[in-house]
Amino acid sequence: MESTTAIKVSGLGKKYTIGKQKDASLRSTLTNVFKSAAAKGDDFWAVQNVDFEIKRGDVVGIIGKNGAGKSTLLKLLSQITKPTTGRIEINGRVASLLEVGTGFHPELTGRENIYLNGTILGMSRKEVKEKFNDIVEFSGVAKFIDTPVKHYSSGMYVRLAFSVAAHLEPEILIIDEVLAVGDAEFQKKCIGKMSDVAAEGRTVIFVSHNIAAIKELCTKGIVMNKGEILFSGNQLEAIEFYHELGRNVNSDEIVLANDKIEILSFNVNPVEGSFISISSGFSFELEFRHLLENKNLAVTFELSSKDEIVLFHHGEWICNEKDSQKGIYKMRGEVPKNILNAGHYFFKIIIASSLHEVLLTIDSIGRFEVTNEALAGNNTILPGLIRPNLKYEFNFTKE
Amino acid sequence: MSKTTIIDAKHRQLFPNFSEIRRFKDLFLTLAWRDFRVRYAQTTIGFLWAFIQPIVTLVILTLVFGRFAKVDTGSIPHALFTTCGLITWTYFAFVMTHSGKSIIESQGMIKKIYFPRLIIPLSKAVVGLIDVSVTVLILIVLMFYYGITPEATAWLAPIFLIIGMIAALGVGIWLSALTIRFRDFQHIIPLMVQLGMFITPVAYPAGTAVKELPQWAESLYYLNPMAGVVQGFRWSLFGGDPPGNMMYISFAMIIVIFVTSLMYFKRVEDEIADFV
């Protein structure tokens, strides 16, 4: 009986024991989750109770915030690490691309690295040989094929690496975020190649922050949060669900209060459109109950990137001693569009009555993501924390 | 559908999956080839280093043991005697050192792609064969120089060499797996190589050492897996001390080390990506 199931996952879970990992990079990727998990105990479930089934020919996008367990799930599916619980059944030859250029050695030439990388990705030497010319042509670095790759520019390096990967012919392809490399033109080429793969009826599993790419390429979507699957179904509904999740998660998580101030809610919302992107702008809204009378009241907002780089620290006096009263205060601020670059951010809120008297501090609240998907204009990923639209003046003097 | 893979958290195997390793044969060869290609990259004299290393070791050992300490090697010239010992010992030391740190060195790959992890230490065993051939070449040159022909038992030499390879692999696989959990082994391995050379009859006949030891210490001496291999390999070529019953202690050790190394490796294999 020929089965139509490509991948079937049941009861899948992966537990990490905190403090056992010696590797700094793994630790840093888990840091965000550590903060909340550390209080609960030593075990941390990166993926938990995951069940799903993928049919042959499905192109599935997995979305979720950083630390949602997407990468761990891919590692489990590609057999890099073994699950703590559950079972995975895979029908067909799998190739997983969690990075481009795995195993590339700088001292070896482009030609040698094609063989090396190809066999690492699961091709036989014979297969690599047959596809060698196509790979070189696709990469566009034919001229330098016998030069050690350490002399390549990073763009050439990535193009060669992706070309090898693009010529894999697996029945199931697992891809993590690899499209986030290279220039805009090359990304377009990569997306084109991926749609070809999908069009050939292969199964593709794709993790990305690039919502636009998921919308375009995928037929199914899975939304993950805190190691669990919250939604699984049509990709457009999945994207909608993900944005909805991003809006609600702020206020649900944190209820903070002391005997002076009680935070009722804090929300970050797009000003235009349905989700926060570079060109949507966003507003933040704080609601709190003041429990004291006759106190000055000032609220300061500090916005930081996820690497804890402070972007601004800005506050406002709400009222002075005389008219301060018990009751509910609401305040709203707005950050215009084209200021923040794509990335993850959070707020710190300080409510004080003077420079020396802090009533309540909340170190981290309202985590949100600015997505790269622009409402208008180009959506290339660029470095930097801010992304203003600058005006230029030109001047030319002929010599 | 051609191939079904089942990953089950509850399912644990005792030994690595050898048929799977065979499927990754090309990767295994490519990795060995890469190591060889990269080894002398950017050096001025390149492959010549493969000759200089054993020759320098040989000269020093011959000076210290042959000239200064006047170790009696019977009818065989000391230089020849030592070269013979170096063939198996150097291979063992190479595989031990390189397999030991191999998994850590390949962590970039291990975290990003699946393949049977055992391939990594195994591929180092292939690279080490290059050094063996170089030392064999030096041995042949010395045999011509001294005008000495091998004994009729020389056909046994490859068998001792294979036993030596199994010993090297066993220790190498153990060390590669241990180094993942305990980085301390990165510092222990060079010590093992340094001391191992002296407790192995490379530059002196095993008889000389054993003669000075009490009976109980003799079996202890042969717990060193390479003691029997180095001695047996030399005996098969040039005679001298015939390998006694004690040699079987070495061989038994080799089997124990090799089998347990596979079992231990399998046990840590699934978690390697979480540890490195």
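Residues numbered from 1 in each chain as written. Chains lettered and ligands numbered in written order. Predicted model: local features only at pLDDT ≥ 70, side-chain atom pairs only at ≥ 80, totals over all residues. Heavy atoms only, no water.

(A) Local environment of the packing of aromatic side chains. Residue and element names in this part refer to chain A. Across all of its chains, the model carries 22 aromatic pairs over all chains by this definition. What links up through ring pairs into an aromatic cluster is the set Phe-266, Phe-282, Phe-284, Phe-301, Tyr-345, Phe-347 and Phe-368. Arg-367 extends its terminal NZ or CZ atom over the ring of Phe-346, reaching a point 4.6 Å from the ring centre. (Phe/Tyr/Trp six-rings, centres within 6.5 Å; stacked < 30°, edge-to-face > 60°. Lys NZ or Arg CZ within 6 Å of the ring centre and 35° of its normal.)

(B) Main features of the domain arrangement of chain A. Residue and element names in this part refer to chain A. Per the domain assignment, the segments of chain A are domain 1 (5-244) and domain 2 (258-370). Listed as interface residues are 5 residues of domain 1 and, on the opposing side, 6 residues of domain 2. With both sides pooled, the region where domain 1 packs onto domain 2 buries about 580 Å², and carbon together with sulfur makes up 40% of that total. Counting across the domain 1 and domain 2 interface gives 0 salt bridges. Where domain 1 meets domain 2, there are 1 residue pair in polar contact (both at pLDDT 80 or more). In terms of residue class, the side of domain 1 that touches domain 2 is made up of 1 nonpolar, 3 polar and 1 charged. (Domains from an automatic or database assignment. Contact = heavy atoms within 4.5 Å. Buried area = accessible area lost by both parts, 1.4 Å probe. Salt bridge = Lys/Arg side-chain N within 4 Å of Asp/Glu carboxyl O. Polar contact = N/O pair within 3.5 Å; in protein donor to acceptor, adjacent residues only side chain to side chain. Nonpolar A, V, L, I, M, F, W, Y, C, P; charged D, E, K, R; others polar.)

(C) Structural detail: the interface of chain B and chain A. Facing the 37 residues of chain B at the interface are 47 residues of chain A. When chain B packs against chain A, close to 3800 Å² is buried across both sides, 55% of that on carbon and sulfur atoms. Between the two partners, chain B and chain A, sit 4 salt bridges. The partner of Lys82(A) in a salt bridge is Asp270(B), with the nearest N and O atoms 3.8 Å apart. For the pair chain B and chain A, the interface holds 14 residue pairs in polar contact (both at pLDDT 80 or more). The element that contributes the greatest number of residues to the side of chain B that touches chain A is helix H2 (residues 25-39) of chain B, accounting for 8 residues. Looking at side-chain class alone, the side of chain B that touches chain A contains 17 nonpolar, 8 polar and 12 charged residues. The pairing of strand S4 (residues 85-91) of chain A with strand S1 (residues 4-8) of chain B spans 5 bridges and is antiparallel. From the neighbouring strand, Arg87(A) faces S1(B), where its bridge partner is Asp8(B). (Helix = DSSP H or I, 4+ residues; strand = E, 2+ residues; numbered from the N terminus. Pairing = 2+ DSSP bridges.)

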